[in-house]
Amino acid sequence: MKIVKPQRMTVDRESLAIDVRRELDAPARRLFGKRILTLGGLAMLSGCSISDDKSVETFLSRVSRINDTVQGWLFDPNHLAPTYSEAQITRPFPFNAFYGEDEAPAVDGDAFRLKVSGLVRNTRSWTLAELNALPKTEQITRHICVEGWSAIGRWGGTPFSEFLKRVGADTSAKYVGFKCADDYYESIDMPTALHSQTLLAFTYDGQQLPRKYGYPMKLRMPTKLGYKNPKHIMEIFVTNTFPGGYWVDQGYNWFGGS
Ligand SMILES: Nc1nc2c(c(=O)[nH]1)N[C@H]1C(S)=C(S)[C@@H](COP(=O)(O)O)O[C@H]1N2
Ligand SMILES: [Mo]
């Protein structure tokens, strides 16, 4: 963001308005309409002053949280993301992480135990064999990365709602959080966790999920942007305390709908 700083700190309102527009996605902008979208109106809504560099940062992150709320309101649990045919699969499917492909964590499947914690009735850990015995489904959907690429892939696994049922998750809780074998972590809203296309995925293109795509499991959500889909999941927890996420804590929008 460009902020002009003469003797006295003043905010460059034009570039701030551009940042705000970027922070509020199109549906949120439509919902709020033109009037409330003045910077002053949003400042009031977020309870922020926008007089200097630091308060502008707070302001933008509050605008992002307002956007999360609006995306949550607009999320339709019955709306399905598009699905595709075998022939439309992108080959090879791209790899992406905050490190290079050969640095992807090598998880030992035999020793692996999925931890389950927080607001669930049953916190016992799961072996891969137990997870693989869960009901299975497959889908071919588009993965959209904010870095400017998208690709169609085929993931198989168990509906995440089914897993949440088995562990006795409190589905009135706000968030489901994920801890990964690398330093990645993510969290999602409960309505998305329960969405029928949200999969706890163990396979890619009919094969055991390869190391680079998140072995032993990833969460696959075609209704969310790529960075919301955690790979190499080691622990799943249910909570009412906002858990944030690896990129979210660096300024990405949390809801991250696609
Ligand atoms: N554990 C973990 N999960 C992650 C990431 C990561 O770095 N570590 N990157 C995210 C991002 S930004 C993208 S685009 C996708 C990439 O998944 P892919 O390698 O299957 O294409 O994984 C997401 N999940
Ligand atoms: Mo991404």
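Residues numbered from 1 in each chain as written. Chains lettered and ligands numbered in written order. Predicted model: local features only at pLDDT ≥ 70, side-chain atom pairs only at ≥ 80, totals over all residues. Heavy atoms only, no water.

Asker: Before we move on, can you summarise the overall build of the chain with the specific residues and values?
Answerer: Along the chain, the regular secondary structure elements total seven helices and nine strands. Each of the three principal axes of the chain carries a C-alpha extent, and together these read 65 × 40 × 35 Å. By the burial criterion, 49% of the 258 residues in the chain qualify as buried. Once local pairs closer than 6 in sequence are excluded, the contacts in the chain between residues at least 24 apart make up 68%. By element, 51% of the accessible surface of the chain is carried by carbon and sulfur atoms, the whole surface being about 13000 Å². If the 32 positive side-chain charges of the chain are averaged to one point and the 28 negative ones to another, these points end up 5 Å apart. (Helix = DSSP H or I, 4+ residues; strand = E, 2+ residues; numbered from the N terminus. Buried < 20%, exposed > 50% of the residue type's maximum accessible area, 1.4 Å probe, protein only. Contact = heavy atoms within 4.5 Å. Areas by Shrake-Rupley, 256 points an atom, 1.4 Å probe, with all protein chains shown as cover. Lys, Arg positive; Asp, Glu negative; His and termini not counted. Charge placed at Lys NZ, Arg CZ, Asp CG, Glu CD.)

Asker: How would you sum up the side chain of Asp 19? Please name residues and give values.
Answerer: Structurally, Asp 19 can be placed in helix α1 (residues 13-23). Residue classification places Asp 19 among the buried residues on the basis of a relative accessible area of 10%. Polar contacts involving the side chain of Asp 19 include one to the side chain of Arg 22, which spans 3.1 Å. (Polar contact = N/O pair within 3.5 Å; in protein donor to acceptor, adjacent residues only side chain to side chain.)

Asker: Account for the confidence of the model for the chain, naming residues and giving values.
Answerer: Taken over all residues, the pLDDT of the chain has a mean of 93, while the share at 70 or more is 95%. Below a pLDDT of 50 lies the segment residues 4-8, which in the model reaches three contacts outside its immediate sequence neighbourhood of four places, other chains included. (pLDDT = per-residue confidence, 0-100.)

Asker: Requested: an account of the pattern of salt bridges, with residues and values cited.
Answerer: Enumeration according to the criterion identifies 14 salt bridges in this entry. Glu 101 serves as the salt-bridge partner of Lys 212, at 3.9 Å between the closest nitrogen and oxygen. Placement of Lys 212 in the loop between β7 (207-208) and β8 (218-220) and of Glu 101 in the loop between α4 (53-74) and β1 (115-118) is noted, with a sequence separation of 111 residues between them. For Glu 162, the salt bridge goes to Arg 166, with nearest N and O atoms at 2.9 Å. (Salt bridge = Lys/Arg side-chain N within 4 Å of Asp/Glu carboxyl O.)

Asker: I'd like a rundown of the nonpolar core, residues and numbers included.
Answerer: Residues Leu 131, Phe 160 and Phe 163 are the most contacted members of the largest nonpolar core, which totals 29 residues. Only α5 (128-132), α6 (160-166), β4 (175-180), α7 (190-193), β6 (199-204) and β9 (233-239) provide two or more residues apiece to this core. Residue contacts for Phe 163: discarding those within four places in its chain leaves Leu 114, Val 116, Trp 126, Leu 131, Leu 134, Thr 158, Leu 200 and Ile 236. Counting 18 residues, the second largest nonpolar core, distinct from the first, contains Ala 17, Leu 39, Leu 42 and Ile 50. (Core = buried A, V, L, I, M, F, W, Y, C linked by side-chain atoms within 4.5 Å.)

Asker: Tell me about the environment of Lys 179, residues and numbers included.
Answerer: Tracing the backbone through its elements, the reader meets Lys 179 in strand β4. Judged by relative accessible area, Lys 179 falls into the partly exposed class, the value being 41%. Sequence spacing of Lys 179 and Gly 245 is 66 residues, and the spatial spacing of their C-alpha atoms is 9.5 Å. When sequence neighbours within four positions are dropped, the list of residues in contact with Lys 179 reads Tyr 184, His 232, Ile 233, Met 234, Glu 235 and Phe 237.

Asker: Lay out the pairing of strand β2 (residues 137-145) with the relevant residues and their values.
Answerer: Bridging between β2 and strand β3 (residues 149-159) involves nine bridges; their strand directions are antiparallel. Of the residues in β3, the one forming a bridge with Cys 145 is Trp 149. (Pairing = 2+ DSSP bridges.)

Asker: So what's going on with the site of ligand 1? Residues and values would help.
Answerer: For ligand 1, the set of nearby residues contains 22 residues, the closest of which are Pro 94, Asn 96, Asp 182, Asn 229 and Lys 231. The separation between an oxygen atom of ligand 1 and a polar main-chain atom of Asn 96 is 3.0 Å. In the model, a nitrogen atom of ligand 1 is placed 2.8 Å from a nitrogen or oxygen of the Asn 229 main chain. According to the grid-proximity analysis, the pocket containing ligand 1 is the largest cavity. Tallied by class, residues from the shell around ligand 1 come to 13 nonpolar, five polar and four charged. (Near = heavy atom within 4 Å. 1 Å grid on protein atoms, 1.4 Å probe; cavity = no way out; pocket = protein on both sides within 12 Å on 5 of 7 lines; lining within 4 Å. Sits in = over half its atoms within 2 Å of the grid points. Nonpolar A, V, L, I, M, F, W, Y, C, P; charged D, E, K, R; others polar.)

Asker: So what's going on with the layout of surface pockets? Residues and values would help.
Answerer: Over the atoms, a rolled probe matching the size of one water molecule traces out where space is still vacant. Here the largest pocket defines a volume of roughly 1000 Å³. Secondary structure elements with two or more residues in the lining of the largest pocket: α1, α4 and β2. When residues of the lining of the largest pocket are sorted by domain, at least three fall in each of domain 1 (13-74) and domain 2 (86-250). Quantified by volume, the second largest pocket comes out at close to 240 Å³. Of all the elements, α4 adds the most residues to the lining of the second largest pocket, at five residues. Residue composition of the lining of the second largest pocket, by class: seven nonpolar, two polar and four charged. (Points joined across faces, edges and corners; volume = space filled by probe spheres on them. Domains from an automatic or database assignment.)

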